[in-house]
Amino acid sequence: CSELRPCIEVHVKDEPEEQTLSEETPQYAEFGHLRTHTGEKPYQCSQCGKSFSLSGSLKLHERIHTGEKPYHCFQCGKSFSRQEFLKKMHTGEKPYHCTQCGKSFSQSSALKVHQRIHTGEKPYQCSQCEKSFSHPGSLKVHERKHTGERPYECDHVLFLNCCCVNVFIKRSL
């Protein structure tokens, strides 16, 4: 592809074509970067099917499913799936800034979700009524309206049945 040639020339730097790249070679990271231009994602999660351009990215993703959190904070005892999350925990560092409103975030994924407020993007759609949501958790809560699921109980709510209408009154503690 002609539009990739300048980038490829910068990355390849006259390396022999026969050279094989493994994760141990320094050129591997550069080769993996090239996949961002080609769209190739050869590493697929066996749990959810999401694909990645680098095997390391797949390994990090798999921690979502396994719950593995190998990075531990000795200050507060919390554990994290990624080292950068541990580093940002107590520093208060928020390097990701919204260009629309200036709000800052410690994780790029949180900024991405926030930006949906400005764009109006709602990628999560209810299969029952086609209502859309900007966050997957909001969809999950909404879907409970269709299923009638009530996963949480509260001992501090009084249920009254007045004129066939349920009225919920929070008891003051």
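First things first, this report covers the structure right here in the doc. Given the structure is predicted, the values throughout are model-derived calculations rather than measurements.

What follows deals with the overall build of the chain. Check the secondary structure of the chain and you find six helices and ten strands. Residue burial in the chain is summarised as follows: out of 173 residues, 17% are buried. Taking all contacts inside the chain whose residues are at least 6 apart in sequence as the whole, residues at least 24 apart take part in 6%. When the accessible surface of the chain is split by element, carbon and sulfur atoms take 51% of a total near 13,700 Å².

Let's shift gears to the layout of surface pockets. A volume near 630 Å³ is recorded for the largest pocket. Along the walls of the largest pocket sit 16 residues, with Lys50, Ile64, Arg82, Phe85 and Ser109 positioned nearest its centre. Within the residue set of the lining of the largest pocket, elements represented by two or more residues are α3 (55-66), α4 (83-89) and α5 (108-119). The biggest single contributor to the lining of the largest pocket is α3, with five residues. Residues belonging to the lining of the largest pocket are distributed by class as follows: five nonpolar, seven polar and four charged.

Peptide bonds are mostly trans, and most non-glycine residues show a negative phi. One non-glycine residue with positive phi stands out, namely Glu130, at about 65 degrees. As for its position among the elements, Glu130 is in the loop between β7 (124-125) and β8 (132-133). Residue Glu130 is classed as exposed on the basis of its relative accessible area of 58%.

Quick notes on the rules
Residues numbered from 1 in each chain as written. Predicted model: local features only at pLDDT ≥ 70, side-chain atom pairs only at ≥ 80, totals over all residues. Heavy atoms only, no water. Helix = DSSP H or I, 4+ residues; strand = E, 2+ residues; numbered from the N terminus. Buried < 20%, exposed > 50% of the residue type's maximum accessible area, 1.4 Å probe, protein only. Contact = heavy atoms within 4.5 Å. Areas by Shrake-Rupley, 256 points an atom, 1.4 Å probe, with all protein chains shown as cover. 1 Å grid on protein atoms, 1.4 Å probe; cavity = no way out; pocket = protein on both sides within 12 Å on 5 of 7 lines; lining within 4 Å. Points joined across faces, edges and corners; volume = space filled by probe spheres on them. Nonpolar A, V, L, I, M, F, W, Y, C, P; charged D, E, K, R; others polar.

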